[in-house]
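An overview of the molecular structure
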Amino acid sequence: MTSPVATSTVIRVRVNGRDVEALVPVRLTVAELLRERLGLTGTKVSCEMQVCGACTVLVDGNPVSSCTALACDLDGTEVLTVEGLAQGRDLHPVQEAFMAANALQCGFCTPGFVMMAVALLDTCPAASADEIREWMDGNLCRCTGYAPIETAVTLAAARTDDGSPEDDQ
Amino acid sequence: MTAGPRSDAWEKVTGRARYAVDMVMPNMAHAAVVRSERAHARIAGIDRAEAEAVGGVIAVVTADDLGHLGRRFGHIVPDHYVLAKGKVRYYGEPVAVVVAETPHQAADAAGLVWVDYDDLPVLTDSASALASDVLIHEQSYTEPGQEFLGVAPTPSADNAAHRGELAWGDAETALAAATTVVETTATFPLVYGYAMETYNALADWQPGSLHVVSTAQHPLMVRKELARMFSLPLAAVRVEVPYIGGGYGSKSYTKLEPLAAAASWASGRPVKVTTDVEGAMYTTRADGAVVTVRTGFDAGARICARDIDIRFDTGAYADNSPLVLTKSINRSFGPYRIPNLRVRGVAAYTNTTPASSYRGFGAPQGALASELNMDMAADRLGIDPVELRRRNLLAPGDTIIDGKRPLDADLAADLDAIVSALDSHRAAPEPGTLRGRAVAVTASDAGASPISTAQVRMHADGSVTLLVSSTEMGQGSRTALAQIAARELHVDLDSVAVGQSDTRFTPFEWTTGASRTTTVVGLAVQAACADLWDNLRAKAAESAGVPVDEVVVHAGRLHPAAETLTPAEVIRRWFGVDAGEVVGVGVIRRDGATEMLPPFWEIGAVGVEVSVNEATGEVTVEHLVTVGDVGHAVNPELVKGQDLGAATQGLGIALWEEMVYDGEQLTNPNLIEYRVPRLRDTPRRITSVLAERGDGAGPYGAKGAGEGALNPVPAAVAAAVGRAVGVWPTELPLTPPRVWSLLHQAGAG
């Protein structure tokens, strides 16, 4: 019996502004690359079926479930995770809004929600209440009952729409 | 923007907060669990040769390899082996564990462990299990010393894991004499208490010591079981619990820790075991229940008797279910004047995932039938359901159960608040839509055992480190307990740091559950602060050369003789340098304010208005009203967060959540087919009321929150849907097909 040999491939990817070159087995997920290889444990994994959104990261600006995306497909892309949002000590407006609205309890879903909200506001800075509900419906939270999260994203949208400087990359 | 009300918000929005699943140890190996593919079978053989040949595999461990670790565990009924021994009792039970260098290697090899089974008859529901001669456990587990909180394993000749009873008066005679008797039977589904961080544990066994990092809600309980299993002193077992990614009771007591520890022992490496959602659904769920309530009323619509029969589906192992059943019995009849009562309960072993604690702890199961029963009775008696409840509610100070703490809440006032909120926002009529409203109330003997220890260390600058073993799983206890310490010590909240639960460093705590932390641990923090003031006074007196009783403490300052000193000045003066610290310790046990059990009654008081789509049977929650009857809200935002979160989990049980078995196998072990509430399911209007009447035994009159707002929700939704449709539901969840069937019955009737 031979062990199942994984074919590996070299990828070049920019993660939170840092150039990464890695030899990755083709089966390695983006979440595994981030968490186990790069030490970026802010990205959380829960359902592993693209249902809960906890593992959401941005790949070239688009929200992606990192639990089921393959690291080998990242070659030539830019990845943004929750760790890359803040500019030094200054939080992203979405992060500030989640703090202000008490939009978290255990916090395990928070990075995924924050990344999805960033993707929403990058796409539609003046997101309507319906757009917020539609986009955020793809993330699960088991603690808060969602209302504070909706409030947080609404707050962040209002702030983005006010013409406050956007400090995400 | 203003800062939020939590001290952990910054690290959680930046992804910097550490959870057990993020932790690593040097030279760490990874484990994958081989799970049973039979629900009830003898293990005829295990072939691990192929698995052992996989590159990177360090060990393939089965029950036969565990030697002295092969003892059963279970804090009430010791019925559970770390790895199945001789036979398996449910689909998904751990049979072997593979340890390898990487998670991929472990998972690959786990699929190559071949287990031969000799099938046994499978019992997947409580009724057939209790009627069957086939025993899931061929023996009773009545070893001496297993009593836990007054609940002890009982010998059993059938598939009952536990039985219990509570009675006073003569219910049967009173029911026979009643003017009206109303009977309700309701089925509460098998529910998975999904926490987004699934169970995981990292264990490092070394000769004479064991270090575990895990998702345990109750690290001290886990320490005790591991110490027994490994024949180690308590002090040699270190259980460390960083932030927990959701608990809700589902992470109470011992889960994966023995497996990780045994794998470390067998492989000689630190080993991490994780579960996916499917593995988590094979680890623990809540007890399903069929509950029948018969209530007798006199001519004045006053309750003369209640007779309640509770049958739990407890799954393959008892875990905490005997205690859940005991509490369910206590919580099933409601906060009403009931002169004659009989409640009988049985928890049945079945060949399904073992059940244990889940938020509400037996209360929602009983309330579903008994509060629905109150609505059915109101209909039969021609009385408004709120008026029927008012006529029968207990008043503050009344006895709920003889010998227990009298009722420390004003339920009539809570009910008024709910009705007022519901009345102020009645949804407008819509064609094709039926509307229904209902209220429900519960009272739970909460707080668990009032045993808690807190330590406050004041440093030379007057700042404070607070050490407690209460675990932080999102409820915000580190924030609330820091607020209590800050208030007692007259320091800013920013000057209080709260340590992570770690049995090597933080002091004893019973559990983190039963909504107990603010009340019971809060009292321990207050006591520790009082002890710290005593110590500061003594040091101030010694430094000033005056008797202790001449040192006055006022508004955060100490006054030896004519001087005014800050605590920091007292510390620095006593040590003679800008250094040192003074420590206060607070201990709570069954004494004083917490002598009488329960430490408090946790109230659930909710109202709902629902819409039912006549064409599809889809239910929409138009308005949810919760009353947090918490005595005093140390942090009102956190209390409201608990109430909405708990109520939302109640809505999940009411409308969507159910583990479905088809034969021996769970058919929906994933979050596509096991549907939990999503953002767009949230009620269209939410009213969260806090009732602060200072009537609790905790700090500043506080009582607990956390479970209360879940407990009455499934019942309230069932009653509201029943009113909308015109047929009373008999089982949850009220999915569109079920509600469509009710609509069809109503039409046919």
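Sequence order as written defines residue numbering, which begins from 1 separately in each chain. Starting at A for chains and at 1 for ligands, labels are handed out in the order in which the entities are written. Local features in a predicted model are, by the rule used here, given only for residues with pLDDT of at least 70; side-chain atom pairs are given and counted only at 80 or more, and totals for whole chains, interfaces and linings are based on all residues.

1. Structural notes on the overall build of chain A
By the criteria applied, helices consist of DSSP H or I runs no shorter than four residues and strands consist of E runs no shorter than two, each listed in order from the N terminus. Within chain A, the secondary structure is distributed over five helices and five strands. Put simply, chain A runs from its N terminus to its C terminus through helices and strands in the order β-β-α-β-β-β-α-α-α-α. For a compact globule of 169 residues, the expected C-alpha radius of gyration is about 15 Å, and chain A comes in at 16 Å, within 12% of that figure. Taking the principal axes of its C-alpha atoms as reference, chain A extends roughly 60 × 30 × 25 Å. Exposure classes come from backbone-placed C-beta atoms, where a residue is buried if 20 or more other C-beta atoms lie within 10 Å of its own, exposed if 12 or fewer do, and partly exposed in between. Counting the 169 residues in chain A, one finds 56% classified as buried. In this setup the radius of gyration rests on C-alpha atoms only. A globule is expected at 2.2 Å times the number of residues raised to 0.38.

2. Some points on the domain arrangement of chain A
All names here are of chain A. Partitioning chain A into structural domains gives domain 1 (8–84) and domain 2 (93–161). Residue ranges for the domains trace back to a domain assignment, done automatically or taken from a database. Taking only C-alpha atoms, the centre of domain 1 and the centre of domain 2 are 21 Å apart. The contact criterion used is a C-beta to C-beta distance within 7 Å, with each C-beta placed from the backbone. Tallying the contact residues gives 15 residues for domain 1 and 13 residues for domain 2. Broken down by secondary-structure element, the contributors of at least two residues to the side of domain 1 that touches domain 2 are strand 3 (56–59) and strand 4 (62–65). The element contributing the most residues to the side of domain 1 that touches domain 2 is strand 3, with three residues.

3. As for unusual backbone geometry
Residue and element names in this part refer to chain B. Residue P598 is reached from L597 by a cis peptide bond, and omega for that bond is -5°. Within the secondary structure layout, P598 lies in the loop between strand 25 (581–588) and strand 26 (600–613). Here the bond from L732 into P733 is cis, since omega is -5°, no more than 30 degrees from zero. For P733, the location among the structural elements is in the loop between helix 17 (713–725) and helix 18 (736–748). Phi is positive for Y253, which is not a glycine, with a value near 60°. Its location among the elements puts Y253 in the loop between strand 11 (237–241) and helix 7 (257–267). Residue classification places Y253 among the buried positions, given that 24 C-beta atoms sit within 10 Å.

4. Quick word on the domain arrangement of chain B
Residues and elements named next belong to chain B. Each assigned domain of chain B is listed with its residue range as follows: domain 1 (9–122 + 194–281), domain 2 (393–442 + 601–748) and domain 3 (452–594). Here the C-alpha centroids of domain 2 and domain 3 sit 39 Å apart. Between domain 2 and domain 3, the residue contacts involve 16 residues of the former and 15 residues of the latter. Basically, the charged four are Asp, Glu, Lys and Arg, the nonpolar ten are Ala, Val, Leu, Ile, Met, Phe, Trp, Tyr, Cys and Pro, and anything else, Gly included, counts as polar. When the residues that make up the side of domain 2 that touches domain 3 are grouped by side-chain class, the tally is six nonpolar, seven polar and three charged.

5. Brief notes about the sheet that holds strand 3 (residues 57–62) of chain B
Pairing between sheet strands relies on hydrogen bonds along the backbone, with the strands arranged either parallel or antiparallel. All names here are of chain B. Taken in spatial order, the eight strands line up as 3-5-1-12-9-10-11-22 in an open sheet, and their pairing is mixed. At either margin of the open sheet sits one strand with a lone partner, and together these are strand 3 and strand 22 (501–502). In the sheet, strand 1 (residues 29–35) pairs with strand 12 (residues 271–274) via three bridges, with the strands oriented parallel. Its bridge partner being in strand 12, H30 is matched across the sheet by K272. Here helix 3 (residues 103–110) sits on the sheet and contacts strand 1, strand 3 and strand 5 (94–100); the angle it forms with strand 1, its principal contact strand, is near 25°. Where helices are involved, their axes are fitted lines through C-alpha atoms of the stretch in contact, as for all axes, and angles between N-to-C directions lie from 0 to 180°. Strands strand 1, strand 3, strand 5, strand 9 (200–206), strand 10 (209–214) and strand 12 of the sheet are contacted by helix 7, whose axis makes an angle of about 35° with strand 9. Strand pairing follows a simple DSSP-based rule, namely that at least 2 bridges must link the two strands.

6. A short note on the environment of B:A524
Residues and elements named next belong to chain B. Within the secondary structure, A524 sits in helix 14 (residues 517–544). When the C-alpha atoms of A524 and I451 are compared, they prove to be 8.8 Å apart, with 73 residues separating the residues in sequence. Apart from residues no more than four positions distant in its own chain, A524 is found in contact with S452, T453, A454, G586, V587 and I588.

7. Observations regarding the interface of chain A and chain B
The interface is formed by 45 residues belonging to chain A together with 53 residues belonging to chain B. When residues of the side of chain A that touches chain B are traced back to their parent elements, those giving at least two are helix 2 (93–100), helix 3 (110–123), helix 4 (129–136) and helix 5 (147–161) of chain A. Looking at which element gives the most residues to the side of chain A that touches chain B, the answer is helix 2 of chain A, with six residues.

8. Considering the nonpolar core
All names here are of chain B. A set of buried residues drawn from Ala, Val, Leu, Ile, Met, Phe, Trp, Tyr and Cys, joined through C-beta atoms within 7 Å, is what defines a nonpolar core. Ranked by size, the top nonpolar core spans 266 residues in total, and within it V98, V99, A260 and V717 carry the most contacts. For this core, the element with the most residues is helix 17, which contributes ten residues. In contact with V98, not counting residues within four places along its chain, are A31, A32, V34, A51, V57, V60, A106, A109, A110 and V113.

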